[in-house]
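Structural characterization, general
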Number of protein chains: 2
Amino acid sequence: MRTSQYLISTVKETPADAQVISHKLMLKSGMVRKLAAGLYSWLPMGLRTLRKVEAIVREEMENAGCQEVLMPAAQPAELWQESGRWEQYGSELLRFTDRHNRDFCLGPTHEEVITDLMRNEIRSYKQLPSTFFQIQTKFRDEVRPRFGLMRGREFLMKDAYSFHVNHQSLLETYEKMHAAYCCIFDRLGLDYRPVLADTGSIGGTGSHEFHVLADSGEDDIAFSDSSDYAANVEMAEALSPAGDRAEPTQAMELVETPNAKTIDQLVEQHSIAIEKTAKTLIVEASDEIEANFVALMIRGDHDLNEIKAEKLSEVAVPLRMATDEEVRQAMKASPGSLGPINCSIPVIIDRSVEKMSDFGAGANIDNKHYFGINWGRDLELPKVADLRNVQAGDPSPCGQGTLDIKRGIEVGHIFQLGTKYSQAMKATVLDENGKAATMTMGCYGIGVSRVVAAAVEQNHDDRGIIWPEAIAPFRVCIVPMKMHKSVRVKEAAEAIYAELKAKGVEVILDDRNERPGSMFADMELIGIPHRIVIGERGVDSGTFEYLNRREGEKKEFTKEQLFEALGV
Amino acid sequence: MRTSQYLISTVKETPADAQVISHKLMLKSGMVRKLAAGLYSWLPMGLRTLRKVEAIVREEMENAGCQEVLMPAAQPAELWQESGRWEQYGSELLRFTDRHNRDFCLGPTHEEVITDLMRNEIRSYKQLPSTFFQIQTKFRDEVRPRFGLMRGREFLMKDAYSFHVNHQSLLETYEKMHAAYCCIFDRLGLDYRPVLADTGSIGGTGSHEFHVLADSGEDDIAFSDSSDYAANVEMAEALSPAGDRAEPTQAMELVETPNAKTIDQLVEQHSIAIEKTAKTLIVEASDEIEANFVALMIRGDHDLNEIKAEKLSEVAVPLRMATDEEVRQAMKASPGSLGPINCSIPVIIDRSVEKMSDFGAGANIDNKHYFGINWGRDLELPKVADLRNVQAGDPSPCGQGTLDIKRGIEVGHIFQLGTKYSQAMKATVLDENGKAATMTMGCYGIGVSRVVAAAVEQNHDDRGIIWPEAIAPFRVCIVPMKMHKSVRVKEAAEAIYAELKAKGVEVILDDRNERPGSMFADMELIGIPHRIVIGERGVDSGTFEYLNRREGEKKEFTKEQLFEALGV
């Protein structure tokens, strides 16, 4: 390809509304353009990368034995009513009526359509297991579309759905898909981690997210420093601190704390270590118990994990913190002075709190705390549970090493659905005994356009994008110096261009009549991995100035060295 | 691929709501499934064919120097308001509001989006000409979606748009695209014709439709039997009959015709040849003339061409026939007795009518006709124009041969847009003199999913589809006889399967434990071009039973003959 015949749409200004680096760089490099909030057009350069990601995803899905289908974006409301999601799904579901006033939505996902399709096509257990995938445009009417391709309203997704005669078969396919996802992200050349994920309100029995690691990620991922263990912080188990609880050394005393409304103020004003303080949080109780509220206790330096709290039978779902008014009614004291002593509602404490001794907590009397509290001696040990988010330095729940925490961008999600949709939609097959059996399902997504943005978040410098080889729009760029004035430079540039093309290398020749600095800047912004500069001097010496975009050090190469560097 | 690991979804029953053969066969062969009116899911077998069509279209667009982009399906109303089409476009434009109550549509076409995109990206005449294409899902909210993939509501389309500094450049690209389209349909293996088409209400200066010839086509195409000339019947010029008008031989006489309300009745009851009769049609006049109505005359055996009539300055657009009441007011007579004698409104006659002599027409007196009318003698010759549809046997307007008429399915359309969108949306570039110049545009569409259906309409027999080689889901099927009982058959089938796969042939091995007749029927219905049957007898003799789906004659081939037949 020649730049003179190709739309190079680089811009110098950093777009005002672009907050994250991938959004900025994809606009500046002319990969995409905004059409409206959350809607982007892919320009030729960007689309080349998108198609490469798509091709790798397709190949690995086929290698894993999946069959490709293509379902409509427009979906009739009836199917969503059948699954119950027409009511459950919020305003992110883009709904519309057709000219005959029938209800439709633009699919954010296709569980309903594929389940409807396969309950008709699959008749016998002999046809199972089967996995179907599509690479298709999805719509999600985000309330605040942002971060460019990271959270758009229309995006390209690979979604796959597997069907099984039983759970064991689902587990086998789930493992295969896990492996296929690893192949995909390996081939894409991204630093990623599969992490244990919460199955959320869908239920189901197991789930992994695939995260591309990048400082700008929206999710916290916890890793063991000594094993493969990785989990979304939401999901990572916080172990009980090692060893037994220390014996009491202090008497319990009631202390005036008029100016200590927060843990930080308490620590500062009363010379108590934060690890010796406990927070008491009041949340709405579930119908399972008589009380209206439950008190959850975590250590002063810990954060409540709401997903863990929601798993307690005593706690209402979704989790709701009590209002100040409700707290005063339930506890006879204000937030800031709450604690386990003389507490009339059920108390559940975190594993770390169980191991505390001589600790301070609110007295359930306004402006007073108890210090020197000890379980067993001053009050009975309440119910204990894992209630907190893990922190860097915590022991890994896998039993090996300690946890580190990094930011990740979720680009894939695999999910053991179970029978949620097949049961609601009566998707059955005849089993070995000729009886109707509800199919078990799995679902497996990759945000194809999001992968492109995540790759940029992970691979860039202050001059622009640094594409991984496998998804660069072009692998090599040739930048001739003043080829419009020097016939020799032009001939040398054309010769190496033709030779590389003949070898199947995706190469772009910058034949625009621009200043060298401007051409260099464009190619670096666009992120072409390999650059070859052709100048008079090189023509004389028969060498090429070579620059690897990632390594950044210029080298003088003979043609053989150049081909070796490019692996051709 | 093996059928045991592939979704074979053939059905025996002919679907009740399928009217055309492609719809029936694509459902029966399990290529597609209906999700809702006009919405279809592509099953794996069908998607393979769709992707092959897509790949050929993409390759030829790239060969023609077009650059691929991808624009959103969801489009903001503002752009359509800018072009004026938000008001003009009818209910086929699927409109919706997002969660913030902003107006959007799902694009049936992308002129507005690409013009908006390129008015920002293209700055200089040096970047022109440029052509951009996408292969993308379109929506058209048809009032009565029908004929399966032929007229669906959601469909895959290739749309391309070219930008030029002047009309001459547009013409050059238009020719290139015409040639690229011929390459595409040649490679697809379809019997097609590029035909001159009407530019309709869009205006513009030139247009060709590409039609796949099939009896079930919705359009009439007129062809010369001696040249390349082909045009949509709407567009084909009807030449004036050769030679001069014959001299009068009869006197004009007023005849009582109380029972002749139609031309057929007149011919039957009064022994007059239909070629000696003329019909007079009253249509609304344009503002250009004083009269409210205009009388159009065509020969009794001809049909009015409304598009030609609309091109007359005297005729209102859109064409509207006068009501019976309006006819009586304007002509003082009822429909069925109208003619040119004593007519008080302007008369325009077809070229054929100009050459008539001694002819009959209504007398503008109820229940009376004049016979023996002659121009010049009985009344002045009115304005003459081309007003009728051509018929088979007419001389070709190209000057060579006579016209034949066949049915066609429109699968492509290329169009010289001119400045319709660029002017409305102020899409300018700097020209050679540094002045802003409105860009000239062309647009070029192919209905990718429609091509699949049209291919079936043209290529089938009573056993099913007969795919052209280039777009068959698989080129070869291997049907072993009782391989689940005979190890020798199984081994022979697996061996030739492996050998063909190694040669890069797309082959499917029917390893299901089904009756041979059922496997034959499935593969014929699906339309695999080449069938190889492996049985005990062939294993003994080292031969293969080969059947070419289109030719239909079984042959005993050695392996060498087989490879030769497959071209590998």
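Every chain's residues receive numbers from 1 upward, in the order its sequence appears when written. Chains carry letters and ligands carry numbers; both start at the beginning, A for chains and 1 for ligands, and go up in the order they are written. Confidence filtering applies because this is a predicted model: local features only for residues at pLDDT of at least 70, side-chain atom pairs given and counted only at 80 or more, and all residues used for totals across whole chains, interfaces and linings. Note: side-chain values were computed over all heavy atoms of the structure, leaving out hydrogens and water.

1. Description of the overall build of chain A
Scanning chain A for helices and strands turns up 16 helices and 30 strands. If one aligns the C-alpha atoms of chain A with their principal axes, the spans along those axes are about 95 × 70 × 45 Å. Here chain A, with 568 residues, has 57% of them falling under the buried criterion. Sequence-distant contacts in chain A: of pairs separated by 6 or more residues, those separated by 24 or more amount to 68%. Of the accessible surface of chain A, which amounts to about 23700 Å², a share of 46% is contributed by carbon and sulfur atoms. Under the DSSP-based scheme used, a helix requires at least four consecutive residues in state H or I and a strand at least two consecutive residues in state E, with every element numbered from the N terminus. Each residue is assigned to one of three classes by its accessible area relative to the maximum for its type, calculated with a 1.4 Å probe on protein chains only: buried under 20%, partly exposed between the two thresholds, exposed over 50%. In what follows, a contact means two residues having at least one pair of non-hydrogen atoms within 4.5 Å. Method for areas: the Shrake-Rupley scheme with a 1.4 Å probe, in which residue coverage is limited to the protein chains shown.

2. Some words on the relation of the copies chain A and chain B
Copies are brought into register by a least-squares superposition over C-alpha atoms of residues with pLDDT of at least 70 in both. When chain A is brought onto chain B, the operation consists of a screw motion whose angular component is 180° and whose axial shift is 0.0 Å, with 0.0 Å RMSD remaining. Considering both components of the superposition, the chain copies are consistent with a two-fold axis. Minimal C-alpha separation from the rotation axis in chain A is found for Phe96 of chain A, amounting to 2.9 Å. Looking at the interface residues of chain A, 100% of them are also at the interface in chain B, so both copies use one shared face.

3. Notes on the domain arrangement of chain A
Interface size, as often reported, equals the accessible area lost upon joining of the parts. Per the annotation, domain bounds derive from an automatic or database assignment of domains. As assigned here, chain A comprises domain 1 (42-71 + 110-237 + 404-457), domain 2 (253-385) and domain 3 (474-566). Here the C-alpha centroids of domain 2 of chain A and domain 3 of chain A sit 66 Å apart.

4. What about the sheet that holds strand 4 (residues 74-76) of chain B?
Residues and elements named next belong to chain B. Spatially, 4-6-5 is the arrangement adopted by the three strands of the open sheet, whose pairing is antiparallel. A strand with exactly one partner marks an edge of an open sheet, and here the two such strands are strand 4 and strand 5 (94-97). On average, adjacent strands in this sheet sit at an angle of 35° to one another, irrespective of strand direction. For two strands to be treated as a pair, DSSP must find no fewer than two bridges joining them. Relative to strand 6 (residues 103-106), strand 5 runs antiparallel, the two being bridged by four bridges. Residue pairing for strand 6: Leu94 is matched across the bridge by Leu106. Think of each axis as a best-fit line through the C-alpha atoms, taken over the contacting stretch in the case of a helix, with angles from 0 to 180 degrees between the N-to-C directions.

5. Section: the packing of helix 13 (residues 487-502) of chain A against helix 16 (residues 559-566) of chain A
Helix-helix packing: each pair is described by the crossing angle between the helix axes and the interaxial distance. All names here are of chain A. Interhelical geometry of helix 13 versus helix 16 gives an angle of 40° and a closest axis separation of 13 Å. By the angle class used here, helix 13 and helix 16 are oblique. Both helix 13 and helix 16 take part in a crossing whose hand is right-handed. On the side of helix 13, the interface is formed by Ile496, Glu499 and Leu500, while helix 16 contributes Lys559, Leu562, Phe563 and Leu566. Classes in brief: Ala, Val, Leu, Ile, Met, Phe, Trp, Tyr, Cys and Pro nonpolar; Asp, Glu, Lys and Arg charged; the others, Gly included, polar. A class-by-class count of the residues in the contact of helix 13 with helix 16 yields five nonpolar, no polar and two charged. Angular relationships are summarised with four words: roughly parallel below 35 degrees, roughly antiparallel beyond 145, roughly perpendicular across 65 to 115, and oblique for the angles in between. In this scheme the handedness of a crossing depends on how the near helix is turned from the far one: anticlockwise by less than a right angle means left-handed, clockwise means right-handed.

6. Structural notes on the nonpolar core
Nonpolar cores were defined as sets of buried Ala, Val, Leu, Ile, Met, Phe, Trp, Tyr and Cys residues, with membership established by side-chain atoms within 4.5 Å. The biggest cluster of nonpolar side chains holds 76 residues, and the ones touching the most others in it are Leu106, Ile114 and Phe163 of chain A together with Leu106, Ile114 and Phe163 of chain B. For Phe163 of chain A, the residues in contact, after removing those within four places along its chain, are Ile114, Thr115, Met118, Ile122, Leu128, Pro129, Ser130, Phe132, Met439, Thr440 and Met441 of chain A. Residues Val53, Leu170, Val452 and Met519 of chain A belong to the second largest nonpolar core, which totals 68 residues.

7. Observations concerning the environment of His302 of chain B
Residues and elements named next belong to chain B. Mapped onto the elements of the fold, His302 is located in the loop between strand 15 (293-299) and helix 8 (306-310). On a C-alpha basis, the gap between His302 and Glu556 in space is 56 Å, while along the polypeptide they are 254 residues apart. Discounting chain neighbours no more than four positions away, the residues touching His302 are Lys279, Asp350, Ser352, Arg388 and Gln391. A distance of 3.4 Å separates the side chain of His302 from the side chain of Arg388, its partner in a polar contact. Polar contact is defined as a pair of N or O atoms within 3.5 Å, subject to the rule that within protein one atom must be able to donate a hydrogen and the other to accept it, and that residues adjacent in sequence are counted only when both atoms are side-chain atoms.

8. Examining the environment of Asp378 of chain B
All names here are of chain B. Residue position: Asp378 is located in the loop between strand 18 (368-373) and strand 19 (383-385). When the C-alpha positions of Asp378 and Ile341 are compared, they lie 8.2 Å apart, and in sequence the two are 37 residues distant. Excluding residues that lie within four positions of it along the chain, Asp378 makes contacts with Met252, Gly372 and Ile373. At a separation of 2.9 Å, a polar atom in the side chain of Asp378 contacts the side chain of Arg377.

9. Some words on the sheet that holds strand 17 (residues 359-365) of chain B
Residue and element names in this part refer to chain B. Strand order in this open sheet of three strands is 13-18-17, and the pairing throughout is antiparallel. Among the strands making up the open sheet, the edge pair consists of strand 13 (253-256) and strand 17. Averaged over all pairs of adjacent strands, the angle between their axes in this sheet comes to 35°, without regard to strand direction. Of the strand pairs in this sheet, strand 17 and strand 18 are connected by four bridges, and their pairing is antiparallel. Bridge pairing in strand 18 links Ile365 to Lys368.

10. Here we look at helix 5 (residues 111-121) of chain B
Most of helix 5 of chain B sits inside the fold, with nine of its eleven residues counted as buried. Every buried residue belonging to helix 5 of chain B is among Glu111, Glu112, Val113, Ile114, Thr115, Asp116, Leu117, Met118 and Glu121 of chain B, and all of these are buried.

11. Focus on the interface of chain A and chain B
Listed as interface residues are 51 residues of chain A and, on the opposing side, 51 residues of chain B. Contact between chain A and chain B buries roughly 4200 Å² in total, counting both sides, with carbon and sulfur atoms accounting for 60%. Think of a salt bridge as a Lys or Arg side-chain nitrogen and an Asp or Glu carboxyl oxygen that are within 4 Å of each other. Along the contact surface separating chain A from chain B lie six salt bridges. Across the pair Asp98 of chain A and Arg153 of chain B runs a salt bridge whose closest N-O atoms are separated by 2.8 Å. In this assembly, chain A and chain B are joined by 22 residue pairs in polar contact (both at pLDDT 80 or more). The residue makeup of the side of chain A that touches chain B, split by class, is 30 nonpolar, eight polar and 13 charged. In this description, buried area is defined as the sum, over both parts, of the accessible area (probe of 1.4 Å) that is lost when the two are combined.

12. Brief notes about the state of the cysteines
Covalently bonding the sulfur atom of one cysteine to the sulfur atom of another cysteine gives a disulfide. All names here are of chain A. In what follows, a disulfide is any cysteine sulfur pair within 2.5 Å. Evaluated as defined, the whole model comprises zero disulfides over all chains. Considering cysteine sulfurs only, Cys182 is the nearest to Cys398, which forms no disulfide, with 17 Å between them. You can call Cys398 partly exposed: its relative accessible area is 31%.

13. Some points on unusual backbone geometry
Of the consecutive residues Leu128 of chain A and Pro129 of chain A, the connecting peptide bond is found in the cis state with omega at -5°. Along the polypeptide, Pro129 of chain A turns up in the loop between helix 5 (111-121) and strand 7 (130-139). The omega torsion across Val317 of chain B and Pro318 of chain B is 0°, close enough to zero to call that bond cis. The residue Pro318 of chain B is located in the loop between helix 8 and helix 9 (324-331) in this model. The phi angle at Asp358 of chain A is positive, at roughly 50°, despite the residue not being glycine. Relative to the helices and strands, Asp358 of chain A resides in the loop between helix 10 (351-354) and strand 17 (359-362).

14. Re helix 12 (residues 448-458) of chain B
Burial analysis of helix 12 of chain B places ten of its eleven residues in the buried class, which makes it a mostly covered element. Taken together, the buried positions of helix 12 of chain B are Val448, Ser449, Arg450, Val451, Val452, Ala453, Ala454, Ala455, Val456 and Glu457 of chain B.

15. Some remarks on the packing of helix 2 (residues 44-63) of chain B against helix 6 (residues 167-188) of chain B
Residue and element names in this part refer to chain B. Their axes nearest at 9 Å, the elements helix 2 and helix 6 cross at an angle of 150°. Our classification of the angle between helix 2 and helix 6 gives roughly antiparallel. Regarding helix 2 and helix 6, the two cross each other, and that crossing is right-handed. On helix 6, the residues touching Val53, Ile56, Val57, Glu59, Glu60 and Met61 of helix 2 are Met177, Ala180, Tyr181, Cys183, Ile184, Arg187 and Leu188.

16. Describing the side chain of Gln75 of chain A
Checked against the element boundaries, Gln75 of chain A lands in strand 4 (residues 74-76). Here Gln75 of chain A falls in the buried class, since its relative accessible area comes to 0%. Filtering out sequence-adjacent residues up to four positions away, Gln75 of chain A remains in contact with Trp80, Phe104, Cys105, Gly107, Thr109, His110 and Val113 of chain A together with Leu35 of chain B.

17. Overview of the pattern of salt bridges
Two side chains carrying opposite charge are able to pair once their charged atoms lie near each other. One pass over the full model with this rule turns up 96 salt bridges over all chains. One salt bridge connects Arg328 of chain B with Glu325 of chain B, and the closest N-O pair in it is separated by 3.9 Å. A residue pair is termed a helical-turn pair when its members lie 3 or 4 positions apart in one helix, as Arg328 of chain B and Glu325 of chain B do in helix 9 at three residues. In this structure, Asp461 of chain B engages Arg549 of chain B in a salt bridge whose closest nitrogen and oxygen atoms are separated by 2.8 Å. Taken together, the residues Asp461 of chain B in strand 24 (residues 460-461) and Arg549 of chain B in the loop between strand 29 (544-548) and strand 30 (554-557) connect sequence positions 88 residues apart. What you see here is one network of salt bridges that share partners, running through Arg51, Glu54, Arg58 and Glu68 of chain A together with Arg51, Glu54, Arg58 and Glu68 of chain B.

18. Digging into the packing of aromatic side chains
Each Phe, Tyr or Trp ring (for Trp, its six-membered ring) is paired with any other whose centre lies within 6.5 Å, and the angle between the two planes then decides the class: stacked below 30 degrees, edge-to-face above 60, tilted in between. Throughout the structure, instances matching the rule amount to 22 aromatic pairs over all chains. Here the aromatic rings of Phe185 of chain B and Phe210 of chain B are separated by 5.8 Å at their centres, their planes lie at 20°, and the arrangement is stacked. With Phe185 of chain B in helix 6 and Phe210 of chain B in strand 10 (residues 206-213), the pair connects residues that are 25 residues apart, well separated along the chain. Each member of the pair Phe185 of chain B and Phe210 of chain B is classed as buried. Relative to Phe557 of chain B, the ring of Tyr546 of chain B lies with its centre 5.0 Å away and its plane at 20°, an arrangement referred to as stacked. Taken together, the residues span a long stretch of sequence, with Tyr546 of chain B in strand 29 and Phe557 of chain B in strand 30 at a distance of eleven residues. According to the relative accessible area criterion, Tyr546 of chain B is buried, its value standing at 4%. Of the aromatic side chains, those joined through ring pairs into one cluster are Tyr181, Phe185, Tyr192 and Phe210 of chain A. Geometrically, a charge over a ring is one whose NZ (Lys) or CZ (Arg) sits within 6 Å of the ring centre while staying within 35 degrees of the ring normal. Above the face of the Phe474 of chain A ring, Arg48 of chain A is positioned so that its terminal group lies 3.9 Å from the ring centre.

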